[in-house]
Amino acid sequence: MIELTALRDYEDELGNTISSPTEFAKNITVKFRGENNRVVVDPEAKITRLDLVFDCDNGTLVIGASKKKGFHFNIRVGQDATVRIGRDVTTTGRCLISAVEGVTVSLGDDVMIASGNQIRADDGHAIFDVRSGKRVNPAKDITVGNHVWIGAQATLLAGARIGDGSVIGFGALVNRKIPNNVIAVGSPAKVVRKNIAWERPHLSFHKPPYKPDASSITKTEAYWNYTVDEHEDAATQMPAVQTTAPRSLVQRAAHKFGKFGGN
């Protein structure tokens, strides 16, 4: 095993590489247990603390730029797995990320993560069906959209997909698709409110000390969107399908039997 205590340009005889034009020498641990793993760090990234382990081969970590305070991640990357961290991602405390067996964990831009959070694309151990011997808990991708707020102690599990602009409540457990611009709470997480938007300025850290409506803040307009519900979208398409079919039938009947209405 190779252990490093800084993020800087690096390459070893096993094909493990780090591309980091900016050196990060404080609160960094990188462990390579395999081969052909790579770390790509934007020169404008900000990292508060990073504990990174590549357990196997062909793993990838990509870290985007940031104009904000930075993050504290504990990341495990397994065989052929990828972790992507977008621009301006922040954490209040430590957040664990685990990705193995070729899956991808992707965090979009301007994601705000609280403390005590876990993002696990795998369960850490295999579970099998006794009769068939088949695996029942495969690792699955996790995708977090842009401008998502993940509340304290919330956990994202295999298969979680969160749309842009959404809020995941305190202690929630997400293992399915959550649409954009909603609040989702509970275990498993369920949508309790749609058509919401949130902003980063803290209620007490940033003026004004009362924020009763949107006039008290500066909107991030790109994320003030209505929730898109796939079922609602499908329903709105139905009238077009239903109205074209009858016209076609009438035309065929008229062609076969002549004009309607008698002599």
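Quick look at the structure, then. These numbers were taken from a predicted model, which means no experiment stands behind them.

1. Details of the sheet that holds strand 3 (residues 17-19)
Moving on, step 1. Read across the open sheet, the 9 strands follow the order 2-3-5-7-9-12-15-18-21; overall the sheet is mixed. Each edge of the open sheet is held by one strand with a lone partner, namely strand 2 (10-11) and strand 21 (177-178).
Moving on, step 2. Here strand 12 (residues 104-107) pairs with strand 15 (residues 142-144) via 3 bridges, running parallel. Note on strand 15: the bridge partner recorded for leucine 107 is valine 144.

2. Structural notes on the packing of aromatic side chains
Moving on, step 1. For the coordinates displayed, the defined rule picks out 4 aromatic pairs.
Moving on, step 2. For the pair phenylalanine 71 and phenylalanine 73, a centre-to-centre distance of 4.7 Å together with 45° between the ring planes defines the contact as tilted.
Moving on, step 3. On the accessibility criterion, phenylalanine 73 (0% relative accessible area) is buried.
Moving on, step 4. Here tryptophan 149 and tryptophan 198 contribute two aromatic rings whose centre-to-centre distance is 5.6 Å and whose plane-to-plane angle is 50°, an arrangement assigned as tilted. Separated by 49 residues along the polypeptide, tryptophan 149 in strand 16 (residues 149-150) and tryptophan 198 in the loop between strand 23 (190-194) and helix 1 (230-257) bring together distant segments of the chain.
Moving on, step 5. For tryptophan 198, a relative accessible area of 5% puts it in the buried group.

3. A word on the sheet that holds strand 22 (residues 182-185)
Paired through their backbone hydrogen bonds, the strands of a sheet run either parallel or antiparallel.
Moving on, step 1. Taken together, 6 strands build an open sheet; the order of strands is 10-13-16-19-22-23 and the sheet is mixed. The open sheet terminates on both sides in strands that have one partner only, identified here as strand 10 (90-91) and strand 23.
Moving on, step 2. As paired elements, strand 19 (residues 167-168) and strand 22 share 2 bridges and run parallel to each other. From the neighbouring strand, isoleucine 168 faces strand 22, where its bridge partner is alanine 184.

4. A look at the pairing of strand 14 (residues 117-120)
Moving on, step 1. Here strand 14 shows a clear split, with Asn117 and Ile119 buried on one side and none of Gln118 and Arg120 buried on the other.
Moving on, step 2. Direction of pairing for strand 11 (residues 94-99) relative to strand 14: parallel, over a ladder of 4 bridges. Residue pairing for strand 14: leucine 96 is matched across the bridge by glutamine 118.
Moving on, step 3. Both strand 14 and strand 17 (residues 155-157) contribute to a ladder of 3 bridges, which runs parallel. Counterpart to arginine 120 in the pairing with strand 17 is leucine 157.

5. Structural notes on the layout of surface pockets
Moving on, step 1. Empty space within the largest pocket amounts to approximately 420 Å³.
Moving on, step 2. Lining of the largest pocket is provided by 15 residues; of these, Thr92, Met112, Arg200, Pro201 and His202 occupy positions nearest its centre.
Moving on, step 3. Its residues assigned to classes, the lining of the largest pocket comprises 7 nonpolar, 4 polar and 4 charged.
Moving on, step 4. Here the second largest pocket defines a volume of roughly 260 Å³.
Moving on, step 5. Grouping the constituent residues of the lining of the second largest pocket by class yields 9 nonpolar, 1 polar and 3 charged.

6. A look at the pattern of salt bridges
Moving on, step 1. Evaluated as defined, the whole model comprises 9 salt bridges.
Moving on, step 2. Between aspartate 88 and arginine 87 there is a salt bridge, with its nearest N and O atoms 3.8 Å apart.
Moving on, step 3. For aspartate 88, a relative accessible area of 14% gives the class buried.
Moving on, step 4. With its nearest N and O atoms 3.0 Å apart, the salt bridge here joins aspartate 229 to lysine 194.

7. Structural notes on the environment of aspartate 164
Moving on, step 1. With respect to the helices and strands, the residue aspartate 164 is situated in the loop between strand 18 (161-162) and strand 19.
Moving on, step 2. Between the C-alpha atoms of aspartate 164 and proline 179, which are 15 residues apart in sequence, the distance is 7.7 Å.
Moving on, step 3. The contacts of aspartate 164, once residues within four sequence positions are left out, are Gly145, Asn146, His147, Val148, Asn180 and Asn181.
Moving on, step 4. Among the polar contacts listed, one links the side chain of aspartate 164 to the backbone nitrogen of asparagine 146, at a separation of 2.8 Å.

8. Overview of empty space enclosed by the protein
Moving on, step 1. Taken as a whole and judged by the stated rule, the model has 1 cavity of 30 Å³ or more.
Moving on, step 2. Approximately 30 Å³ is the volume found for the largest cavity.
Moving on, step 3. Lining the largest cavity, in full, are Lys46, Gly64, Ala65, Ser66, Phe71, Ile85, Gly86, Arg87, Asp88 and Val89.
Moving on, step 4. Here the residues of the lining of the largest cavity sort into 4 nonpolar, 3 polar and 3 charged.

Thresholds applied
- Residues numbered from 1 in each chain as written.
- Predicted model: local features only at pLDDT ≥ 70, side-chain atom pairs only at ≥ 80, totals over all residues.
- Heavy atoms only, no water.
- Pairing = 2+ DSSP bridges.
- Helix = DSSP H or I, 4+ residues; strand = E, 2+ residues; numbered from the N terminus.
- Phe/Tyr/Trp six-rings, centres within 6.5 Å; stacked < 30°, edge-to-face > 60°.
- Buried < 20%, exposed > 50% of the residue type's maximum accessible area, 1.4 Å probe, protein only.
- 1 Å grid on protein atoms, 1.4 Å probe; cavity = no way out; pocket = protein on both sides within 12 Å on 5 of 7 lines; lining within 4 Å.
- Points joined across faces, edges and corners; volume = space filled by probe spheres on them.
- Nonpolar A, V, L, I, M, F, W, Y, C, P; charged D, E, K, R; others polar.
- Salt bridge = Lys/Arg side-chain N within 4 Å of Asp/Glu carboxyl O.
- Contact = heavy atoms within 4.5 Å.
- Polar contact = N/O pair within 3.5 Å; in protein donor to acceptor, adjacent residues only side chain to side chain.

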